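Listed here are the chains, written in short residue letters.
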Amino acid sequence: MDEDLLATAAARAIAYTRERNERPVFPDGEAVSGLSAFVEPLPTTGTDPHDVLALLDSAGSPGTVVSGAGQYFGFVTGGTLPVGLAASWLVTAWDQNAALGVMSPTAGVLDTVAGAWLVRLLGLPTGTQHTFVSGTSSANAACLATARDRLLHDMGHDSVEDGVFGAPPFRVVVSEAAHSSVVKALGVVGLGRSAVVSVEADEQGRLRADALPPAGEPTLVVLQAGNVNSGAFDPFDEVAEHFAGTPHWIHIDGAFGLWAAASADRRPLTTGMDRAHSWAVDMHKWLNVSYDSAVAFVRESADVARTFRVGASYLPNGAHLDPVHRGPDMSQRARAAETWAVLKSLGAEGVEELIDRCCRHARALGEGLAAAGFRVHNDVVLNQVMVSLGTDEETERLLNDVARSGTMWAGGSEFNGVRVMRLSVSGWATTDDDIEESIATLTALAGG
Ligand SMILES: Cc1ncc(COP(=O)(O)O)c(C=O)c1O
């Protein structure tokens, strides 16, 4: 083992994180051109690992988007908490395959503990099963596959063995404001991207319960905790009430919004969420754990086992469902360890404080920008703020100027037909000063 190589890597990584707030948030043209250092034909001969690492750092680091910076408000990405990063390094050194408890007792215990903590923290029903996957896109697909198999099972069709060929139809109900990953997941699990009943959403992107189709026939309903633009929540209670007593499955895509349940102040947004049958949530967004990490939750273990249990002569296949029997992956990184580390470090109070702080910052951004003459497009109920200038062209110019500013970054979106700047406050590193400075930067650029 070349300890010097690892020490060098650690030193380079520490220097990178130390300079987080000094680097341009979005790489400048020179840094992006520097990436040409990687573009070469497959080398025939090898390179010394120290030189490989030096190139990765010298050409690669300047070309990164500093998504952990205090003034990075792009997409809905959170920056890795130091304890998450540190745990990630250790987990990488362990090199564990978390598919089975017998492959790594440590990974197995941390998976069980972290899963149980999450169920409690997010207020999900006791007994809910969890599976760590790479992102909410995968978690949505895993949950929807489970829903498909359960609904068809109840209709007398074994889709696990026979596929969807010849299966009786059931209805899929999705908000017109559903996230693109939900639409993709429906296609992946054979239910079709377009073979859905699309339900109208209101001006905040909330599904309108009064526009739901009548209950009765077997139905898969996909709801959303945290609209990717506005942060709004679908009316879970009303939807659950609407379908109560009829064959149905409710799945909630809560990539970032599910975390509202960890905060006493935000929890009312999630009312009725516990009436669903499955939920998807990212760790790598608002919990500020390294990529790739998310969790698929399913209420009943029999449903998980029906869809995901595998049989092989060499696999333990007892009553306990190892991760390989709970989700789409076999070999997998010990992802739960990083979530365990962040939860252990923050505690429930620390998670609540992180969520509340980001929401407070989002509100301050909205209020500050409104006072500066921006139009704020959403009710800032969570961590998302959307603003625009007088015309789409002016907003577009602002987006370009912000990208060039180097001091902050936020992306564009379209909301109710208007070009907007979408600011998401999802990182632990953002401070009150960052919010003030960002308002000042945006105000100056808007006037320019
Ligand atoms: C509401 C929502 N659902 C799903 C996803 C997809 O999550 P991931 O990027 O982890 O696959 C996102 C990502 O932004 C999201 O905001």
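Residues numbered from 1 in each chain as written. Predicted model: local features only at pLDDT ≥ 70, side-chain atom pairs only at ≥ 80, totals over all residues. Heavy atoms only, no water.

Caption draft 1: Looking closely at the side chain of Thr-430. With respect to the secondary-structure elements, Thr-430 resides in the loop between strand S11 (418-424) and helix H13 (432-447). Among the residues examined, Thr-430 registers a relative accessible area of 4% and is labelled buried. A polar side-chain atom of Thr-430 sits 2.7 Å from the main-chain carbonyl oxygen of Gly-70. Ignoring sequence-local partners within four residues, the contact set of Thr-430 consists of Gly-70, Phe-73, Arg-357, His-361, Val-425 and Ile-435. (Helix = DSSP H or I, 4+ residues; strand = E, 2+ residues; numbered from the N terminus. Buried < 20%, exposed > 50% of the residue type's maximum accessible area, 1.4 Å probe, protein only. Polar contact = N/O pair within 3.5 Å; in protein donor to acceptor, adjacent residues only side chain to side chain. Contact = heavy atoms within 4.5 Å.)

Caption draft 2: Spatial organisation of empty space enclosed by the protein. A full pass over the atoms with the stated rule returns 2 cavities of 30 Å³ or more. What the largest cavity holds in volume is close to 50 Å³. Forming the walls of the largest cavity are Ala-98, Ala-107, Asp-111, Phe-132, Pro-323, Gln-332, Arg-333, Ala-334, Arg-335 and Ala-336. Among the elements of the structure, helix H5 (105-121) and helix H11 (335-371) are those that each provide at least two residues to the lining of the largest cavity. Its boundaries defined by the atoms lining it, the second largest cavity holds a volume of some 50 Å³. Going through the elements one at a time, strand S1 (129-133), helix H6 (136-154), strand S7 (294-298) and helix H10 (301-308) are the ones with two or more residues in the lining of the second largest cavity. (1 Å grid on protein atoms, 1.4 Å probe; cavity = no way out; pocket = protein on both sides within 12 Å on 5 of 7 lines; lining within 4 Å. Points joined across faces, edges and corners; volume = space filled by probe spheres on them.)

Caption draft 3: Examining the pattern of salt bridges more closely. By the definition in use, this model includes 24 salt bridges. Here Arg-150 and Glu-300 are joined by a salt bridge, their closest N and O atoms 3.6 Å apart. Residue Arg-150 is found in helix H6, and its partner Glu-300 is found in the loop between S7 and H10; the two are separated by 150 residues along the sequence. The class for Arg-150 is partly exposed, based on a relative accessible area of 23%. Note that Arg-208 and Glu-200 form a salt bridge whose closest N and O atoms lie 2.6 Å from each other. The exposure class assigned to Arg-208 is partly exposed, which follows from its relative accessible area of 28%. When salt bridges that share partners are traced, they join Arg-150, Asp-154, Glu-300, Asp-303 and Arg-306 into one network. (Salt bridge = Lys/Arg side-chain N within 4 Å of Asp/Glu carboxyl O.)

Caption draft 4: Structural context of helix H8 (residues 180-188). Listing the buried residues of H8 in full gives Ser-181, Val-182, Ala-185 and Leu-186. Taken down its axis, H8 places every buried residue within 140° of arc, on the same side. On the buried face of H8, the contacting elements are H6, strand S2 (171-175), strand S4 (219-224) and strand S5 (248-253). In the stretch just after H8, Gly-190 is the one whose phi turns positive, near 80°. (Arc of directions from axis to C-beta.)

Caption draft 5: Structural context of the site of the ligand. In the vicinity of the ligand there are 13 residues, among which Ser-137, Asp-253, Asp-282, His-284 and Lys-285 approach most closely. Contacts to the ligand include Asp-253, whose side-chain N or O atom sits 2.8 Å from a nitrogen atom. Taken by itself the ligand offers 390 Å² of open surface, and the protein chains cover 84% of this. Here the residues of the shell around the ligand are counted per class, giving 3 nonpolar, 7 polar and 3 charged. (Near = heavy atom within 4 Å. Areas by Shrake-Rupley, 256 points an atom, 1.4 Å probe, with all protein chains shown as cover. Nonpolar A, V, L, I, M, F, W, Y, C, P; charged D, E, K, R; others polar.)

Caption draft 6: Inspection of the sheet that holds S7 at higher detail. Overall, mixed pairing links the 7 strands, which are arranged S1-S7-S6-S5-S4-S2-S3 in an open sheet. Only two strands of the sheet have a single neighbouring strand rather than two, namely S1 and strand S3 (197-199). On average, each strand axis in the sheet is inclined to that of its neighbour by 20°, with strand direction left out of account. Pairing of S4 with S5 involves 6 bridges; the strand directions are parallel. For Val-222, the partnering residue across the bridge sits in S5 and is His-251. Of the strands in this sheet, S1 and S7 are in contact with H5, which crosses S1 at around 115°. On top of the sheet, H8 reaches S2, S4 and S5; it is set at about 165° to S2, its chief contact. (Pairing = 2+ DSSP bridges. Axes fitted to C-alpha atoms, helices over the stretch in contact; angles between N-to-C directions.)

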